[in-house]
Structures are given as C-alpha cells and as structure tokens.
Amino acid sequence: MPNEQIGLLGNQKTGYMHGVASIGNLLVTIIDSQIFVSSLEGVQVLQEYIYSHQ
C-alpha cells in the first residue's frame, strides 16, 4: 500500500475508511457506512427532522 493511502487511513477525519485495495486497475475503498453518514456535515439536523416526522 503506498504511503499516501496509509496516511489517509490514519487521518481522524476519514475514520470511516477501513481499507483500500488495488485490484488490477481498480481502487476499492472499504468504508463503514454508519460512521461515514454520521460524519457528514448537517446529517444530525436531517436525522432529527426525520425522527420528528415519523
């Protein structure tokens, strides 16, 4: 794994990334979808809106 990818995986802002794999000419990123969605700016407001209108 190149150094750039290791640094990206260790970054606190990309805590949702669990791995990167190179398969042929493809680059596959393994993410934790729950952590990714919760890290999106403004998602807390959207979740509160959804829960309040159920």
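Only a predicted model underlies this, so the values are computations on that prediction, with no experimental measurement involved. (Residues numbered from 1 in each chain as written. Predicted model: local features only at pLDDT ≥ 70, side-chain atom pairs only at ≥ 80, totals over all residues. Heavy atoms only, no water.)

Colleague: How should a nonpolar patch on the surface be read in this particular structure?
Modeller: Together, Ile 23, Leu 26, Val 28 and Ile 30 line one region of the surface with nonpolar side chains, adding up to about 360 Å² of accessible area. Here the element with the most residues in the nonpolar patch is strand S2 (residues 26-31); it accounts for 3 residues. (Patch = residues over 30% accessible without salt bridge, like charges linked within 9 Å, V, L, I, M, F, W, Y side chains within 5 Å. Areas by Shrake-Rupley, 256 points an atom, 1.4 Å probe, with all protein chains shown as cover. Salt bridge = Lys/Arg side-chain N within 4 Å of Asp/Glu carboxyl O. Helix = DSSP H or I, 4+ residues; strand = E, 2+ residues; numbered from the N terminus.)

Colleague: Hey, could you run me through the packing of aromatic side chains in this one?
Modeller: Aromatic rings in a pair are described by how distant their centres are and how their planes are angled relative to each other. Tallying each qualifying case throughout the model produces 1 aromatic pair. Ring centres of Tyr 16 and Phe 36 lie 4.9 Å apart, and the angle between their planes is 75°; on these two criteria the pair is classed as edge-to-face. Placement of Tyr 16 in the loop between helix H1 (3-10) and strand S1 (17-23) and of Phe 36 in helix H2 (residues 33-39) is noted, with a sequence separation of 20 residues between them. For Tyr 16, a relative accessible area of 17% puts it in the buried group. (Phe/Tyr/Trp six-rings, centres within 6.5 Å; stacked < 30°, edge-to-face > 60°. Buried < 20%, exposed > 50% of the residue type's maximum accessible area, 1.4 Å probe, protein only.)

Colleague: Would you explain the pairing of S1 in this entry?
Modeller: Side-chain direction in a regular strand flips from residue to residue, so the side chains alternate between the two faces of the sheet. Pairing of S1 with S2 involves 6 bridges; the strand directions are antiparallel. By the bridge assignment for S2, Met 17 is matched with Ile 31. Where S1 hands over to S2, the hairpin turn is made up of 2 residues, of which Gly 24 adopts a positive phi near 65°. (Pairing = 2+ DSSP bridges.)

Colleague: Teacher, can you tell me more about the environment of Phe 36 here?
Modeller: Phe 36 gets classed as partly exposed once you look at its relative accessible area, which sits at 29%. The spatial distance from the C-alpha of Phe 36 to the C-alpha of Met 17 is 8.1 Å, given a sequence separation of 19 residues. Among residues more than four places away in sequence, those in contact with Phe 36 are Tyr 16 and Ile 31. (Contact = heavy atoms within 4.5 Å.)

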